[in-house]
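Here's the letter readout for the chains.
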Amino acid sequence: MDGAITITVTEAHCDELGHLNHVEAVRYLERARGRWYRECGLFDTVSEHSLGTVVVNIDYNYRVECFVGERLKVTTRPVSMGTRSFTLEHAIIKPDGRTAIDGQCTSVIMDLAERSIVPVPQCLAVHLPKRA
């Protein structure tokens, strides 16, 4: 399952250079990732407070600037999974179709009560190809 959200860049999201700040761009990607989790049903069968997702690696490439007023498409696509971690691919696409930012994020699922990493839940696993 691929997921996407649309976000309009506001002045508050821009830095002194007048373009989308890198921290805000990562927040956009985080929002898209959260939506993907919800669409997969990650929190449907368990208390939202018993499991959590933890980012363990981020690798994003900034390719072109984004400016105030642009409606950006932010995408999430499953890439792969191991026993306890999984990788998603993200992109921020400008209105003209150019990729502004792309890259990958590797995460794990944590049992918050036990403070331990648990296997990838089935609701996510069905969307993620196994790593070779």
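Since we're looking at a predicted model, the values are computed, not measured.

> In this structure, what is going on with the overall build of the protein? I would like to understand it.
Regarding its fold elements, the protein presents 2 helices and 6 strands. Starting at the N terminus and walking to the C terminus, you meet the elements of the protein as β-α-β-β-β-β-β-α. For the protein, the C-alpha radius of gyration of 16 Å lies close to 14 Å, the compact-globule estimate for 132 residues. Considering only C-alpha atoms, the protein reaches an extent of 45 × 30 × 25 Å along its principal axes. When burial is assessed residue by residue, the protein has 44% of its 132 residues classed as buried. For the protein, the share of sequence-separated contacts (at least 6 apart) that also reach a separation of at least 24 residues comes to 68%.

> Help me understand the environment of arginine 131 in this model?
Along the polypeptide, arginine 131 turns up in the segment after α2 (122-125). Along the backbone, arginine 131 and valine 79 are 52 residues apart, and their C-alpha atoms lie at a distance of 8.8 Å. Those residues within four positions of arginine 131 in sequence are excluded, and the remaining contacts are Ser80, Met81, Gly82, Ser85, Phe86, Thr87 and Thr106. A polar contact of 3.2 Å, which involves the side chain of arginine 131, links it to the side chain of serine 80.

> Is there a simple way to think about the nonpolar core in this case?
With 17 residues, the main nonpolar core has Val9, Leu20, Tyr28, Leu72, Val74, Ile92 and Ile101 as its most contacted residues. If you list the elements that add at least two residues to this core, you get β1 (3-8), α1 (22-40), β3 (71-81) and β5 (99-111). A per-element tally of this core places α1 first, with 4 residues. Non-local contacts of leucine 20, meaning those with residues more than four positions away in its chain, are made with Val9, His13, Cys14, Ala25, Tyr28, Cys66 and Leu72. Counting 14 residues, the second-largest nonpolar core is a separate cluster that includes Trp36, Phe86, Val120 and Ala125.

> For this particular structure, what's the right way to read the pattern of salt bridges?
A pair can form between side chains of opposite charge whenever their charged atoms are brought close. A complete count under the given rule lists 7 salt bridges for this structure. Note that glutamate 24 is salt-bridged to arginine 27, the shortest N-O span being 2.7 Å. Note that glutamate 24 and arginine 27 are positioned in helix α1 at a spacing of 3 residues, about one turn of the helix. The class of glutamate 24 is buried, set by a relative accessible area of 15%. Across the salt bridge formed by glutamate 89 and arginine 77, the nearest N and O atoms sit 3.1 Å from each other. Note that glutamate 89 is positioned in strand β4 (residues 85-93) and arginine 77 in strand β3, a separation of 12 residues in sequence. According to the relative accessible area criterion, arginine 77 is partly exposed, its value standing at 35%.

> What is the right way to read the side chain of glutamate 70 from this model?
Position of glutamate 70 relative to the elements: it lies in the loop between β2 (51-62) and β3. A polar atom in the side chain of glutamate 70 sits 2.6 Å from the side chain of lysine 94. Sequence-distant contacts of glutamate 70, defined by excluding residues within four places in its chain, comprise Ile7, Thr8, Val9, Glu65, Lys94 and Pro95.

Calculation rules
- Residues numbered from 1 in each chain as written.
- Predicted model: local features only at pLDDT ≥ 70, side-chain atom pairs only at ≥ 80, totals over all residues.
- Heavy atoms only, no water.
- Helix = DSSP H or I, 4+ residues; strand = E, 2+ residues; numbered from the N terminus.
- Rg over C-alpha atoms; globule rule 2.2 N^0.38 Å.
- Buried < 20%, exposed > 50% of the residue type's maximum accessible area, 1.4 Å probe, protein only.
- Contact = heavy atoms within 4.5 Å.
- Polar contact = N/O pair within 3.5 Å; in protein donor to acceptor, adjacent residues only side chain to side chain.
- Core = buried A, V, L, I, M, F, W, Y, C linked by side-chain atoms within 4.5 Å.
- Salt bridge = Lys/Arg side-chain N within 4 Å of Asp/Glu carboxyl O.

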